[in-house]
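Listed below, chain by chain, are the residues.
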Amino acid sequence: MAIKYTESTGEDSKPNAILAIDNGDLQALKEVMETYNFIDQQALLRYALVSLLSSEDNTLYIREDGNIVAMKIADLLVKKADKT
């Protein structure tokens, strides 16, 4: 697994999460950091979160070679609704 997420409660009883990123996902993170000159990983993650939270239709739109391209979340990454 290239990204591992663990969550616990800190000494102050507030939730605390740790992301462990390795392999190709770590390389991608480093490339994005360098390409877009984010000041740190926190800035990159905050930007990604705000981008996703701002999308009304679960789609992000990017400019690629002068064209606007819709980037939808792959079905295999989304939980399926219960049919009960």
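Calculation criteria
Residues numbered from 1 in each chain as written. Predicted model: local features only at pLDDT ≥ 70, side-chain atom pairs only at ≥ 80, totals over all residues. Heavy atoms only, no water. Helix = DSSP H or I, 4+ residues; strand = E, 2+ residues; numbered from the N terminus. Rg over C-alpha atoms; globule rule 2.2 N^0.38 Å. Buried < 20%, exposed > 50% of the residue type's maximum accessible area, 1.4 Å probe, protein only. Contact = heavy atoms within 4.5 Å. Areas by Shrake-Rupley, 256 points an atom, 1.4 Å probe, with all protein chains shown as cover. Pairing = 2+ DSSP bridges. Phe/Tyr/Trp six-rings, centres within 6.5 Å; stacked < 30°, edge-to-face > 60°. Polar contact = N/O pair within 3.5 Å; in protein donor to acceptor, adjacent residues only side chain to side chain.

Novice: For this particular structure, what's the right way to read the overall build of the protein chain?
Specialist: The helix and strand tally for the protein chain stands at two helices and four strands. Secondary structure elements of the protein chain, listed N to C terminal, follow the sequence β-β-α-α-β-β. Against the compact-globule benchmark of 12 Å for 84 residues, the protein chain has a radius of gyration of 16 Å, which places it well outside the compact range. Buried residues in the protein chain amount to 7% of all 84 residues. By sequence separation, contacts in the protein chain at least 24 residues apart represent 0% of the contacts at least 6 residues apart. Split by element, the accessible area of the protein chain, about 7,900 Å² in all, is 54% carbon and sulfur.

Novice: Sorry, what's going on with the pairing of strand S1 (residues 3–9) here?
Specialist: One face of the sheet, then the other: side chains in a regular strand alternate in exactly this way. Inspection of the sheet shows S1 paired to strand S2 (residues 15–21) by seven bridges, in the antiparallel sense. Note on S2: the bridge partner recorded for Thr9 is Pro15. Linking S1 back to S2 in an antiparallel pair, the connection comprises five residues, with Ser13 at a positive phi of about 65°.

Novice: Looking at this structure, how should I read the packing of aromatic side chains?
Specialist: We describe a pair of aromatic rings using the distance from one ring centre to the other and the angle between the two ring planes. Within the structure shown, the criterion is met by one aromatic pair. With 5.9 Å between their ring centres and 50° between their planes, Phe38 and Tyr47 make a pair best called tilted. Among the residues examined, Tyr47 registers a relative accessible area of 54% and is labelled exposed.

Novice: Teacher, can you tell me more about the pairing of strand S3 (residues 59–64) here?
Specialist: The pairing of S3 with strand S4 (residues 67–72) spans six bridges and is classified as antiparallel. Its bridge partner being in S4, Glu64 is matched across the sheet by Asn67. Taking the residues that link successive antiparallel strands as the turn, the S3-S4 hairpin has two residues, and the phi of Asp65 there is positive, at about 55°.

Novice: Is there a simple way to explain the environment of Phe38 in this structure?
Specialist: If you trace the backbone, Phe38 turns up in the loop between helix H1 (23–36) and helix H2 (41–54). Taking C-alpha positions, Phe38 is 14 Å from Leu49, a pair spaced 11 residues apart along the chain. With residues up to four places along the chain from it excluded, the contact list for Phe38 reads Val32, Met33, Ala43, Leu44 and Tyr47.

Novice: When you look at the side chain of Thr59 in this model, what are you seeing that I'm missing?
Specialist: Among the structural elements, Thr59 can be located in strand S3. At a separation of 3.1 Å, a polar atom in the side chain of Thr59 contacts the side chain of Lys72. Once residues within four sequence positions are removed from consideration, Thr59 is found in contact with Ala70, Met71 and Lys72.

Novice: Got a minute to help me understand the environment of Pro15 in this structure?
Specialist: Along the chain, the position of Pro15 falls in strand S2. Residue classification places Pro15 among the exposed positions, given a relative accessible area of 64%. Among all residues touching Pro15, those that are not within four sequence positions of it are Glu7, Ser8 and Thr9.

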